[in-house]
Amino acid sequence: LFIIGMPIGSPDDLTLRARTILGQVSIVVAETPLVTRMLLDYHGISATVTGYEGGSREKIAILLDRLNAGHDIALVSDSGMPVIYDPGRLLIAAARASGHSVTVVPGPSALTAAAALSGVSADRLLFVGKLPRSIQQLDRFLAGLTHETGTTVMYAAASALPRLLERMRRIMPGRTVTLAVNMTHPDERVCQGNPSSLLEHICSLSKDSEVTLVLTGVKKRRK
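Residues numbered from 1 in each chain as written. Predicted model: local features only at pLDDT ≥ 70, side-chain atom pairs only at ≥ 80, totals over all residues. Heavy atoms only, no water.

A.B. asks: How should the overall build of the protein be read in this particular structure?
C.D. replies: Each helix and strand in the protein was counted, giving eight helices and ten strands. Reported as C-alpha extents along the three principal axes, the dimensions of the protein are approximately 60 × 35 × 35 Å. Put simply, the protein has 223 residues, and 45% of those count as buried. Taking as baseline every contact in the protein between residues at least 6 positions apart, the subset at least 24 positions apart corresponds to 71%. For the protein, the accessible area works out to roughly 11,900 Å², and carbon and sulfur atoms hold 51% of it. Of the side-chain charges in the protein, 24 are positive and 19 negative, and the distance between the mean point of each set is 11 Å. (Helix = DSSP H or I, 4+ residues; strand = E, 2+ residues; numbered from the N terminus. Buried < 20%, exposed > 50% of the residue type's maximum accessible area, 1.4 Å probe, protein only. Contact = heavy atoms within 4.5 Å. Areas by Shrake-Rupley, 256 points an atom, 1.4 Å probe, with all protein chains shown as cover. Lys, Arg positive; Asp, Glu negative; His and termini not counted. Charge placed at Lys NZ, Arg CZ, Asp CG, Glu CD.)

Okay, here's the thing in structure tokens:
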């Protein structure tokens, strides 16, 4: 079982090793088959693609049968590394438990790409893939970050940014926030400032923008 990192935007970011393995495996297990099929077609790779289907027991059993029969399988996500805010871990755990070889083919990750683009310290990173939906839960979550010294990276839908930045403005008004938008796409954009200043910029973002938010940690007090 190969765990393969996929491009987060530009299809040309697929690594040479990933291209080679995707062209050799019997099955590519994808988060969204249509998305993966388009990328494979771009690179001229004619592999069999199947959906992960949320990691159902029936699907995992079928894939384990393929591994038992000696077939190589590639696990991919729509973008970035599988398992990072992606359900692929269940197949990996099942393959390991059954004694199959599991290896990783590293690739792009929005998490590390946004941290690098922000220009802030990434010595300590806290990753949040899914933010709370209700205002009360979001406030409690943000309140828990008021003393966090590390850098927090979050995946956020463009439509959720107004509410998120508004709550940040109330709870942590002085913290620096970086919005990495559509990374590696031709319209890549990076906005940085405090929550109040960013609220003035996000109105120009399209609703289908892919946004990774980087929140700086609170500065440590010297004793």
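Still more to cover.
A.B. asks: How should the side chain of histidine 43 be read in this particular structure?
C.D. replies: Considering the arrangement of structural elements, one finds histidine 43 in the loop between α2 (33-42) and β3 (48-51). Owing to a relative accessible area of 12%, histidine 43 belongs among the buried residues under this scheme. Apart from residues no more than four positions distant in its own chain, histidine 43 is found in contact with Pro11, Leu14 and Arg19.

A.B. asks: What is the right way to read α2 from this model?
C.D. replies: Each α-helix turn comprises 3.6 residues. Residues three or four places apart therefore point the same way. Residues of α2 that are buried include every one of Thr36, Leu39 and Leu40, and no others. Buried residues of α2 fall within an arc of 100° about the axis and therefore sit on the same side. More than 90 degrees from the buried face of α2, the exposed residues found are Leu34 and Met38. Summarising the contacts, the buried residues of α2 are in contact with α1 (16-22), β2 (27-30), β3 and β4 (73-76). Glycine 44 occupies a position one or two residues after α2 and carries a positive phi of about 70°. (Arc of directions from axis to C-beta.)

A.B. asks: Mind showing me how you'd approach the side chain of asparagine 182 here?
C.D. replies: Mapped onto the fold, asparagine 182 is located in the loop between β8 (177-181) and β9 (189-193). Setting aside chain neighbours within four positions, we find asparagine 182 in contact with Asp187, Glu188, Ser209 and Glu210.

A.B. asks: Before we go on, may I ask you to explain the sheet that holds strand β10 (residues 210-215) in this structure?
C.D. replies: Two orientations exist for strands paired in a sheet by backbone hydrogen bonds: parallel and antiparallel. Taken together, five strands build an open sheet; the order of strands is β6-β7-β10-β8-β9 and the sheet is mixed. Looking at the sheet topology across the chains shown, the edges are occupied by β6 (125-128) and β9. Looking at each pair of strands side by side, their axes are set apart by 20° on average, direction ignored. Two elements, β8 and β10, share five bridges in a ladder whose sense is antiparallel. Across the sheet, residue threonine 178 finds its bridge partner in β10, namely valine 214. Relative to β10, helix α7 (residues 161-171) is tilted by about 10°, and along the sheet it contacts β7 (151-157), β8 and β10. (Pairing = 2+ DSSP bridges. Axes fitted to C-alpha atoms, helices over the stretch in contact; angles between N-to-C directions.)

A.B. asks: What is the right way to look at the packing of helix α3 (residues 57-68) against helix α4 (residues 89-97) in this model?
C.D. replies: Packed helix pairs are specified by the crossing angle of their axes together with the interaxial distance, meaning the distance between the axes. One way to put it is that α3 packs onto α4 with a least axis distance of 10 Å and a crossing angle of 45°. The orientation of α3 with respect to α4, classified from their angle, is oblique. Two packed elements cross with a definite hand, and for α3 against α4 that hand is right-handed. Contacts from Ile60, Leu63, Leu64 and Leu67 in α3 reach Leu90, Leu91, Ala94 and Ala95 in α4. Residue classes in the contact of α3 with α4 are distributed as eight nonpolar, no polar and no charged. (Parallel < 35°, antiparallel > 145°, perpendicular 65-115°, else oblique. Left-handed = near helix turned anticlockwise from the far one by under 90°. Nonpolar A, V, L, I, M, F, W, Y, C, P; charged D, E, K, R; others polar.)

A.B. asks: What should I look at first to understand the pattern of salt bridges in this one?
C.D. replies: Oppositely charged side chains may form a pair once their charged atoms are brought near each other. Enumeration over the complete set of coordinates arrives at five salt bridges. A salt bridge links arginine 37 to aspartate 41; the shortest N-O distance between them is 3.2 Å. Separated by four residues within a single helix, arginine 37 and aspartate 41 lie in helix α2, roughly one turn from each other. Residue classification places arginine 37 among the partly exposed residues on the basis of a relative accessible area of 24%. Ionic contacts of the salt-bridge type, sharing partners, join the residues Glu166, Arg169 and Arg170 into one network. (Salt bridge = Lys/Arg side-chain N within 4 Å of Asp/Glu carboxyl O.)

A.B. asks: Could you clarify how one ought to interpret the packing of helix α6 (residues 135-143) against α7 in this entry?
C.D. replies: Direction vectors running N to C along α6 and α7 enclose 50°, while the axes themselves pass 10 Å from each other. Overall, the two elements α6 and α7 adopt an arrangement that is oblique. Crossing hand, α6 versus α7: right-handed. Facing Ile135, Leu138, Asp139, Leu142 and Ala143 of α6, the residues of α7 in contact are Arg163, Leu164, Arg167, Met168 and Ile171. Grouping the constituent residues of the contact of α6 with α7 by class yields seven nonpolar, no polar and three charged.

A.B. asks: Explanation requested: a negative patch on the surface in the structure shown.
C.D. replies: Taken together, the side chains of Asp187, Glu188, Asp208 and Glu210 present a region of like negative charge at the surface. Residue placement: glutamate 210 occurs in strand β10. (Patch = residues over 30% accessible without salt bridge, like charges linked within 9 Å, V, L, I, M, F, W, Y side chains within 5 Å.)

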